[in-house]
2 protein chains.
Amino acid sequence: MALEHAILVSLEERSGSGYELARRFDKSIGFFWAASHQQIYRTLKRMVQLEWVTCTEVAQDGRPDKKVYGVGEAGRAELRRWLAEPSDPTVLRNDLAVKIRGASFGDIPALLAEIARHRDAHAERLDVYRVIEKRDFPDPAVLTGRHLHQYLVLRAGIRAEQGLVDWFDEVLEAMRRDGGEDR
Amino acid sequence: MALEHAILVSLEERSGSGYELARRFDKSIGFFWAASHQQIYRTLKRMVQLEWVTCTEVAQDGRPDKKVYGVGEAGRAELRRWLAEPSDPTVLRNDLAVKIRGASFGDIPALLAEIARHRDAHAERLDVYRVIEKRDFPDPAVLTGRHLHQYLVLRAGIRAEQGLVDWFDEVLEAMRRDGGEDR
DNA sequence: CGACGCAGTGCAACTAGTTGCATAAGACGG
DNA sequence: CCGTCTTATGCAACTAGTTGCACTGCGTCG
């Protein structure tokens, strides 16, 4: 249940419409908290009812009208409360680990091809993060405040992707050595 | 939607009751695919209806009767199919990353204390995995087949936990340097 | 002019997961 | 003897997330 708070953080950084929020989730926040536009719209509606966010309809020329959301005082207080609240450890679900655990019951070459495909996808995402790191945070040692926070979140993504790529390489090497491709 | 297949893998390894499956999820499979006993029971029911698994009631002395599940032919075929099926990249949700992103809107010392607490919890889990690695896989180079697969899954957990601990250390060091504790 | 994409919003039905509780049999300790 | 724990099973109501679709306004392209 962090979607509300991810939305509050984003709107505190900058007010915006549901559509703009969805775009931010696609490009930035969604790397560490994924949400569909539908979920965002529904959650925004509930947050308006809770008075956590304010909503202003804005007429537009040549485009559909839009609703611009901002954080209300109750939302600000709720965000402060949540930021200090202890949370449970993240629950993990990794379907590739399930597949590797069950590899001997299936077609191992096909599974290895699938793992290689995931490895390449994660390597690509790692490349994206590296480019962002170089472009936006060329000198991490001098970062402070909000920029430092954004950088540290990017670092989580980089570490996670690197860890996955390394793991996939280990899996491919070991299972290929085990004869996984000639059965 | 991999719970069905995690259950199929576990029952292929060894038949068992819903209660036994829940214990296996608590101690082993749950490290990479978490599920509550209630979810397992409900899913088993549906899998019996699909004829993916067989179900035999076993009377017991001094204990409640139990239902023992095994994999049926349809389940075996479904598992083979799923193991070869391409899957979507894992969707990520990390509430601590959301908190770090929003740190400047809250109580930074309290957040740092929370991060330290998570760091210690993950370091403990990493220790548990290291002990399992030493005990069960002292010589990884000679592993083959199913034992190799189990080892590689454990390696995913080790890498993930190590990555998290390293990230938490980076976050704590950088935010403390940024004066996070004297505000 | 119709299809598609971007800029906008949102309903409904569904799946996946969680929580809380309930039941029963036996062992054990206070 | 009562409370707690282990061994067993499972209902119901809920939240979180997904899917598919629908609608509007405008620009572009074939």
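Keep in mind it's a predicted model, so treat the numbers as computed, not measured. (Residues numbered from 1 in each chain as written. Chains lettered and ligands numbered in written order. Predicted model: local features only at pLDDT ≥ 70, side-chain atom pairs only at ≥ 80, totals over all residues. Heavy atoms only, no water.)

### Here we look at the protein's contact with DNA strand D
This is how the line gets drawn: We call a residue near a given molecule or strand whenever any one of its heavy atoms falls within 4 Å of it. Counted as a polar contact is a pair of N or O atoms within 3.5 Å, where, for protein atoms, one must be capable of donating a hydrogen and the other of accepting one, and residues adjacent in sequence contribute only when both atoms are in side chains. Helix and strand labels come from DSSP, where a helix needs a run of H or I of at least four residues and a strand needs a run of E of at least two; each type is numbered from the N terminus. Gly is placed with the polar residues, together with every amino acid not listed as nonpolar (Ala, Val, Leu, Ile, Met, Phe, Trp, Tyr, Cys and Pro) or charged (Asp, Glu, Lys and Arg).
Surveying the vicinity of DNA strand D reveals 21 residues, the closest of which are A:Gln39, A:Gly62, B:Tyr19, B:Tyr41 and B:Lys67. Of all DNA strand D atoms lying within 4 Å of any protein atom, the proportion belonging to sugar or phosphate reaches 61%. Measuring from a base nitrogen of DNA strand D, one finds a side-chain N or O atom of A:Arg42 at 3.0 Å. A distance of 3.4 Å separates a sugar or linking oxygen of DNA strand D from a polar backbone atom of A:Gly62. For the surface near DNA strand D, the secondary structure elements donating two or more residues are helix H3 (37-49) of chain A together with helix H2 (18-27), helix H3 (37-49) and strand E3 (66-71) of chain B. Top contributing element to the surface near DNA strand D by residue count: H3(B), with 5 residues. Classifying every residue of the surface near DNA strand D gives 6 nonpolar, 8 polar and 7 charged.

### Remarks on the protein's contact with DNA strand C
Within the structure, DNA strand C sits among 22 residues, and A:Tyr19, A:Gln38, A:Tyr41, A:Lys67 and B:Gln39 are positioned closest to it. By atom count, sugar and phosphate contribute 59% of the portion of DNA strand C lying within 4 Å of the protein. In the model, a phosphate oxygen of DNA strand C is placed 2.6 Å from a nitrogen or oxygen of the B:Gln39 side chain. Elements supplying a minimum of two residues to the surface near DNA strand C: helix H2 (18-27), H3 and strand E3 (66-71) of chain A together with H3 of chain B. For the surface near DNA strand C, the element with the most residues is H3(A), which contributes 5 residues. For the surface near DNA strand C, the class distribution of residues is 6 nonpolar, 8 polar and 8 charged.

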